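# Observations on the model geometry
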Amino acid sequence: MSDTLTHARSEQLFAEARRRIPGGVNSPVRAFSSVGGAPVFYERAAGSRVTDVDGNEYVDFIGSWGPMILGHRPAAVLDAVRAQLDRGLSFGAPCEAEVRLAERVCELVPCAEKARMVSSGTEAVMSAVRLARGFTGRSLIIKFEGCYHGHSDALLASAGSGVAAFGIPGTPGVTPGAARDTLVAPYNDLVAVERLIDAHEGQVACVIVEPVAGNMGVVAPDPGFLEGLRATCAREGALLIFDEVISGFRAALGGAQERYGIVPDLCALGKIVGGGFPVGCLAGRAEVMDALSPAGPVYQAGTLSGNPVAMVAGLATLEELARPGVYDELERLGARLEAGLARAIERSGFPATVNRVGSLATLFFSPDPVRDYAGASACDAAAFARYFAGMLERGFLIAPSRFEALFLSLAHTDDEIDDFAAAAAEVLAAL
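Residues numbered from 1 in each chain as written. Predicted model: local features only at pLDDT ≥ 70, side-chain atom pairs only at ≥ 80, totals over all residues. Heavy atoms only, no water.

With that settled, the discussion passes to the sheet that holds strand β16 (residues 406-407). The 3 strands are arranged β13-β14-β16 in an open sheet whose pairing can be described as antiparallel. Strands at the two margins of the open sheet, each flanked by one partner only, are β13 (353-357) and β16. Across the sheet, helix α11 (residues 326-348) touches β13, β14 (360-364) and β16, and the angle it forms with β13 is around 175°. (Pairing = 2+ DSSP bridges. Helix = DSSP H or I, 4+ residues; strand = E, 2+ residues; numbered from the N terminus. Contact = heavy atoms within 4.5 Å. Axes fitted to C-alpha atoms, helices over the stretch in contact; angles between N-to-C directions.)

Okay, here's the thing in structure tokens:
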């Protein structure tokens, strides 16, 4: 932790949390396990800034792990939520807001002819995989090393002794049976995918991929990779699923599928679609989506799905993002950040590289290009931990993991981005 900022209250809260919450946190990466020290507890946020319980203020480059693309507490979202609070918190029944949000998703996202609202990205992805299996009548799925698709059992699998091996459980509690039908290939390796499909002809229900990887750090698809997946799935009769929980409404208004011009059969959305509330969304071709209960035989349900407060927050967020010039501005801010970090690397002489897609970026502690999980894993973890501490000390909040992204928002200013890059140059030089 920082040598100059005071975190006494955060440390006290963490000690209390560990007595009642496993590991003291409700999501593992928040525990600072890979960077050392006690996690920071936050009290309030506005615009691009967050303030912790000890009164320290930070420029926030996490943005609640992506949803706060408008910045914290945007007026349009707050107004929509306040109005809905006067009408009710939850109905457990249909409401107009869920219809309007589904309509907006289908207008904006290329693959979306129909949409179903759920309560998390994990739930959206889990439902997409079940739907693909039910629709195709097949069992096997293909995923990629380093692509995180939530914590459902079948997707917490790692590669076996080769790309043709079946997945093995990636965590205790996931049985070999749950992982048995998961095949794993390296990201950006189309040949490996084709080999898997050839080895299991007629058995693959779907290929699921982050079209812009965001959970091994930001890794863009190689030219031809997504196009190859689309062609291979069409030829094999498997469904192509884009996990756009991170890239949806961030890579472009229509997500990565708009940015790269590749239309999957299904996509999973989360984060931005809820405007800061717990929301996920499964969307895709009408023919496939109509296999979901009660229209079809594939069961999926949720008590808080379509929660009216979350629906109006998501709808207000998408309306703001649809304003002219928004994505041009996000791209400009991203390019400014990338250029600033490149200068910081050059000035410091530290071996590092920057990956960026739109308003997502990662500083990798490696001199070599990073295009897959093997490259991301080879980065210097100890150097990242020191970098994290140095940036926190200088008032910049980044994810406490080298496998995460920097998230920009419309609330960030040029000065904040330039100051971030200058601070990075200082920290890198000290390494």
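Before going further, it helps to spend a moment on empty space enclosed by the protein. To find leftover empty space, a probe the size of one water molecule is rolled over the atoms. Within this structure, the stated rule accounts for 4 cavities of 30 Å³ or more. Of the pockets and cavities examined, the largest cavity occupies roughly 110 Å³. Taken together, 13 residues form the lining of the largest cavity, with Leu363, Phe384, Ile398, Glu404 and Leu406 sitting closest to its centre. Elements that contribute at least two residues to the lining of the largest cavity include exactly β14 and α13 (381-393). (1 Å grid on protein atoms, 1.4 Å probe; cavity = no way out; pocket = protein on both sides within 12 Å on 5 of 7 lines; lining within 4 Å. Points joined across faces, edges and corners; volume = space filled by probe spheres on them.)

This part covers helix α4 (residues 121-136). Given a rise of 1.5 Å per residue, 16 residues ought to cover 22 Å, and the 23 Å separating the end C-alpha atoms of α4 matches this to within 8%. Regarding α4, the residues found buried are Gly121, Thr122, Glu123, Ala124, Val125, Ser127, Ala128, Val129, Leu131 and Ala132. A positive phi of about 75° marks Gly137, the residue just after α4. (Expected span 1.5 Å × (residues − 1). Buried < 20%, exposed > 50% of the residue type's maximum accessible area, 1.4 Å probe, protein only.)

This part covers the sheet that holds strand β1 (residues 42-46). Taking strand neighbours across the sheet as the criterion, the 4 strands line up as β1-β2-β3-β15 in an open arrangement whose pairing is mixed. Each end of this open sheet is capped by a strand with a single partner; those strands are β1 and β15 (396-397). Sheet topology places β1 next to strand β2 (residues 49-52); 4 bridges connect them, and they run antiparallel. Among the inter-strand pairings, Ala45 is bridged to a residue of β2, identified as Val50.

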